[in-house]
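An overview of the molecular structure
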Amino acid sequence: MRLHVVTFGCQMSVADGEELAAPLQGRGFTAVAEPETADAIILNTCTVRQHAEDKALSLIGRLRGWKEKDPERVLIVAGCAAERLGPWISKRFPYVDLVVGAKSIEDYPKIVEEALGARFDALAETGQTFKGESRSVDHPTGWMSPFSAFVTIMRGCNYSCSYCIVPAVRGRELYRSWETILAEVSAKTALGVKEITLLGQTVNSWHALDGKRQVRFPELLTRLGKIDSLERLRFESPHPHFVDDDLIQAMATTKNVCEQLHLPIQSGSDRLLKIMRRNYDSEGIIEKTNRLRAAIPRVEVSTDIIVGFPSETDDDFTRTLDLVRRLRPSWSYTFKYSPREGTESAGMEDDVPDEVKEERLRRLNELCDALTEDALSKRIGKVVEVLDEQGGFGRTRDGFKVAWREPGPPGRTVKVRITGTSKRVLKGERDERA
Ligand code: 5AD
Ligand code: SF4
């Protein structure tokens, strides 16, 4: 039995895709890259912007033929758009077997069990895979990459950024316990994983009790830093509010924490940041980044930016460009504002004309691309440390993709001398002397 997983959206969504696949793997399904030959398809949707949602809905439509070819096939639609539009999806696409919203992911193994019942008999032998804590630690790490894995440490979001639908579709913050995180990280490293990315919508707001003691996110990093076989530790996606001195200190002193921080600024206009309810201003971002760079000189910062938020003026946009110039992100994810039904900003007039949004996005991308190119070209001639994820392809600790000739067996950390760049990937050769 073959399973195909399609995921739209963020890294959380990718990690959820693994979790959604686990119960079916427990029933004996194996992964296939092509949908045509699959017996089951899981479509893990995103709703953060209209465009992402439209892509998922259009794919559900296109899968009708696949399903009709063999009604025994199973089509599961999950994730954030499924949470937002669940009943509508079931009605509009009656051939979908199961619609499971993002908030139900903890109960999902039970839901699948009930929905599939006795179909796919392998269940009888492997039922234990999806009992107990819903997150199974024993599914093959090769699902995404054998050497780099995600570990979800919290779900949901307690903020109310005025443009964002995430709190509505993912709910309030829920934190995994320190013990289960440690168990999962240890299980994954025992299976050969060298790099773990801790995931959460606002990952650095994580906290939990250890006995009677409150453990906060910076301490989680230092504790996981003690696992010797864990070569690299990353985390996504932090909220700027929790980027404080404790976190900077933990990053600076924990040797396996990579020199990379995602700091989503969204805008450089303090007026807009207030309306967005972001709880920081542009000077605060610069102050934090200065402290971070003073403590970790090699650190690279990436960011998310929205253009065309309601009422955004040329002056607001110029301030965004100014903040980006001061922040110097090596990587940027830029978006045109997309009103999401039910969010606070959806009640504001979407008054920036689309052509103005497009033009601002173009100018912003020009600046961000130049900063990325600059960061990439600074590596030329240097020797960088890369975790070989796929035999000749991997990433540096500070987040750049690298491809090199003469690959050895994957899974090792190697030194590569950078000779050039192509399509935002560093190119190089193994450096045997290093
Ligand atoms: N419109 C455009 N971009 C958005 N994002 C979140 N909501 C919206 C929206 N309504 C962007 C933010 C966030 C990233 C994941 O998606 O930049 O950090
Ligand atoms: Fe959305 Fe803001 Fe929460 Fe991030 S912090 S998930 S942007 S509400």
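It should be noted that the structure appears before, not after, this text.
First, a word on what this report is: a plain description of the structure on this page. The structure presented is a predicted model; accordingly, all values stated were derived computationally and were not measured.

Reading the values: rules and limits
Residues numbered from 1 in each chain as written. Chains lettered and ligands numbered in written order. Predicted model: local features only at pLDDT ≥ 70, side-chain atom pairs only at ≥ 80, totals over all residues. Heavy atoms only, no water. Helix = DSSP H or I, 4+ residues; strand = E, 2+ residues; numbered from the N terminus. Buried < 20%, exposed > 50% of the residue type's maximum accessible area, 1.4 Å probe, protein only. Near = heavy atom within 4 Å. Nonpolar A, V, L, I, M, F, W, Y, C, P; charged D, E, K, R; others polar. Pairing = 2+ DSSP bridges. Right-handed = clockwise from strand over helix to strand, strands pointing away. Polar contact = N/O pair within 3.5 Å; in protein donor to acceptor, adjacent residues only side chain to side chain. Areas by Shrake-Rupley, 256 points an atom, 1.4 Å probe, with all protein chains shown as cover. Core = buried A, V, L, I, M, F, W, Y, C linked by side-chain atoms within 4.5 Å. Contact = heavy atoms within 4.5 Å. Axes fitted to C-alpha atoms, helices over the stretch in contact; angles between N-to-C directions. 1 Å grid on protein atoms, 1.4 Å probe; cavity = no way out; pocket = protein on both sides within 12 Å on 5 of 7 lines; lining within 4 Å. Points joined across faces, edges and corners; volume = space filled by probe spheres on them.

Further remarks concern unusual backbone geometry. When glycine is set aside, most residues are seen to have a negative phi, and most peptide bonds are trans. Serine 237 follows glutamate 236 through a cis peptide bond whose omega is -5 degrees. Structurally, serine 237 is set in the loop between β12 (232-236) and α10 (245-253). Positive phi values are uncommon outside glycine, yet glutamine 266 reaches one of about 70 degrees. For glutamine 266, the position within the fold is in the loop between β13 (260-262) and α11 (270-276). The exposure class of glutamine 266 is buried, given its relative accessible area of 7%. A positive phi angle is found at arginine 277, which is not glycine, with a value near 60 degrees. With respect to the helices and strands, arginine 277 occurs in the loop between α11 and α12 (282-295).

A few words now on the site of ligand 2. The environment of ligand 2 is made up of Cys157, Tyr159, Cys161, Tyr163, Cys164, Val166, Pro167, Gln201, Thr202, His239 and Arg278. Of the residues that constitute the shell around ligand 2, the class distribution is seven nonpolar, three polar and one charged.

All right, on to the pairing of strand β5 (residues 98-101) then. Sheet analysis places strand β4 (residues 74-79) next to β5, joined by four bridges and oriented parallel. Its bridge partner being in β5, glycine 79 is matched across the sheet by glycine 101. The parallel pair β4 and β5, bridged by helix α4 (residues 80-92), forms a crossover whose chirality is right-handed.

So, about the site of ligand 1. All residues in the neighbourhood of ligand 1 are listed as Val48, Arg49, Tyr163, Gln266, Asp304, Ile306, Phe335, Lys336, Tyr337, Ser338 and Arg340. A distance of 2.8 Å separates an oxygen atom of ligand 1 from a polar side-chain atom of arginine 49. Interatomic distance of 2.6 Å between a side-chain N/O atom of glutamine 266 and an oxygen atom of ligand 1. When isolated, ligand 1 has an accessible area of 400 Å², and the protein chains bury 87% of it. Among the secondary structure elements, those contributing two or more residues to the shell around ligand 1 are β14 (300-307) and β15 (331-336).

Among the nonpolar cores identified, the biggest contains 61 residues, and Ile153, Leu198, Trp206, Phe217, Leu221 and Phe235 are the most heavily contacted of them. Apart from residues lying up to four places away in sequence, phenylalanine 235 is in contact with Thr197, Leu198, Val203, Phe217, Leu221, Leu247, Met251, Val257 and Leu261. Counting residues in each nonpolar core, the second largest holds 21 residues, with Leu63, Trp66, Val77 and Ile89 among its members.

Right, let's get into the sheet that holds strand β20 (residues 425-430). Taken in spatial order, the five strands line up as β16-β17-β18-β20-β19 and close into a barrel, and their pairing is mixed. Adjacent strand axes in the sheet meet at a mean angle of 50 degrees when their direction is disregarded. Summarising the sheet, strand β17 (residues 393-396) and strand β18 (residues 401-405) pair through three bridges and their orientation is antiparallel. Along β18, the bridge assignment pairs arginine 395 with lysine 401.

With that out of the way, let us pick up the layout of surface pockets. Roughly 480 Å³ of volume is contained in the second largest pocket. Taken together, 20 residues form the lining of the second largest pocket, with Arg298, Glu300, Lys378, Arg379 and Asp398 sitting closest to its centre. For the lining of the second largest pocket, the secondary structure elements donating two or more residues are α14 (354-377) and β16 (383-388).

Within the secondary structure, aspartate 398 is located in the loop between β17 and β18. Among the polar contacts made by the side chain of aspartate 398, one reaches the side chain of arginine 379 at a distance of 2.7 Å. One polar contact links aspartate 398 to threonine 396, side chain to side chain, over a distance of 2.5 Å. Residues within four places of aspartate 398 in sequence aside, it is in contact with Glu259, Gln260, Arg298, Glu300 and Arg379.

All right, on to the sheet that holds β12 then. Strand order in the open sheet made by the three strands is β6-β9-β12, with parallel pairing throughout. The open sheet has two edge strands, β6 (148-152) and β12, and neither has a second partner. Neighbouring strand axes in the sheet, compared pairwise and without regard to direction, differ in orientation by 25 degrees on average. With five bridges joining them, strand β9 (residues 195-199) and β12 adopt parallel strand pairing. Considered in β12, the bridge of leucine 198 is made with phenylalanine 235.

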